[in-house]
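Take a look at the letters that make up each chain.
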Amino acid sequence: MPSLPWSDIDTVLLDMDGTLLDLHFDNHFWLEHLPQRYAELHGISRAMAELELQPLFERHAGQLQWYCLDFWSAELKLSVRELKQETAHLIALRADADTFLDAIKRAGKRVIMITNAHRDSLSLKLERIELAPYFERLISSHDYGYPKENPQFWDALQADIGFDPARSLFIDDTLPILRSARDFGVAHLLAVKEPDSRKGPKDTAEFAAVGDYRDLIAGL
């Protein structure tokens, strides 16, 4: 994990799920809880539920509707909001993320959350974890109409907050999103070594990855 050139960084852009929050909640919800409840609510087997859901998930992955609770509620004929409430006890902050957030805020960095999470998902998580005070802005890609994977998201973000990509750090756990940020010109990029605490380290390809947020504070 290389040290960060903090004197060259004015703005810190942070993802939420898998970056600040443990991705276990989301993985468990979409891969376990939702298929089980879908099967129960529609009177089919769990195996049949997975056969119906998997092609839908694959078809919409990486698009804005993949992250939209309204879309999935209509598509699956159930209330995704209510189902998420059933597993909300699993929402958890990543170790030392709050220490890192406190340190960069105290250092005078501009700290902005950019998440693909739907506003309802964001609200649910903020009810459980006190993140808002650390940030200047909490931005959902739904505000712009494009997911972070799309170059138009970055154009909209630039028009909205006026940041300098060459003097910005962006941390995210999704490689296509990091590549999209790189293409836009964001100079300092970090992946997350272990987004889901139950699944172990992941391959972050060409990106350096953070494992312990305390390591990032050195030199701040």
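All values derive from a computational prediction rather than experimental measurement. Within each chain, residues carry numbers counting from 1 in the order of the written sequence. This being a predicted model, a pLDDT of at least 70 is required before a residue's local features are given, and a value of 80 or more before pairs of side-chain atoms are given or counted; all residues contribute to the totals for chains, interfaces and linings. Think of the side-chain values as coming from all heavy atoms in the structure, minus any hydrogens and water.

Visitor: Pulling in residues and values, what's your account of the overall build of the protein?
Guide: If you tally the helices and strands in the protein, you get 9 helices and 6 strands. With the radius of gyration taken over C-alpha atoms, the globule rule is written as 2.2 Å times the number of residues to the power 0.38. Rg of the C-alpha trace for the protein: 18 Å, near the compact-globule value of 17 Å for 220 residues, within the 12% margin. Exposed residues in this analysis have more than 50% of their type's maximum accessible area, buried residues have under 20%, and partly exposed residues fall in between, with area computed by a 1.4 Å probe over protein chains only. For the protein, the proportion of its 220 residues judged to be buried stands at 49%. Sequence separation of at least 24 residues holds for 66% of the intrachain contacts in the protein that already meet a minimum separation of 6. Carbon and sulfur atoms provide 48% of the accessible area of the protein, an area that totals close to 9,900 Å². We count Lys and Arg on the positive side and Asp and Glu on the negative side, and we leave His and both chain ends out. Where a charge lies is defined by one atom per residue type, namely NZ (Lys), CZ (Arg), CG (Asp) and CD (Glu). The distance from the centre of the 24 positive side-chain charges to the centre of the 36 negative ones in the protein is 1 Å. Labels follow the DSSP assignment, with helices taken as runs of H or I lasting at least four residues and strands as runs of E lasting at least two, numbered in each case from the N terminus. When checking whether two residues touch, look at their non-hydrogen atoms; a contact exists if any pair is within 4.5 Å. Per-residue and other accessible areas follow the Shrake-Rupley method at a 1.4 Å probe size, with only the shown protein chains counted as cover for residues.

Visitor: I'd like a description of helix H2 (residues 46-60), backed by residues and values.
Guide: Between its terminal C-alpha atoms H2 stretches 21 Å, which fits the 21 Å expected from 15 residues at 1.5 Å a residue. Within H2, the full set of buried residues consists of Ala49, Leu53, Leu56, Phe57 and His60. Against helix H1 (24-42) and helix H3 (69-76) lie the buried residues of H2. Once H2 finishes, Gly62 follows within two positions and takes phi at roughly 80°, a positive value. Given a helix with a known number of residues, its expected span is that number minus one, times 1.5 Å.

Visitor: How would you explain the side chain of Asp26 if you had to name every residue and give the values?
Guide: Structurally, Asp26 can be placed in helix H1. Once you skip the residues sitting within four places of it in the chain, Asp26 turns out to touch Asp17, Lys84 and Lys125.

Visitor: If you had to explain the pairing of strand S4 (residues 168-171) to someone new, which residues and values would you point to?
Guide: Residues Ser168 and Phe170 line one face of S4 and the alternating positions Leu169 and Ile171 line the opposite face, and both faces are buried. Across 4 bridges, the pairing between strand S1 (residues 11-14) and S4 is parallel. Looking at S4, one finds that Leu13 is bridged to Phe170. Bridge count for S4 against strand S5 (residues 188-192) is 3 bridges, and the pairing is parallel. Opposite Phe170, over in S5, you have Leu189 as the bridge partner. Pairing between strands requires that DSSP locate at least two bridges from one strand to the other.

Keep in mind these numbers describe shape, not what the thing actually does.
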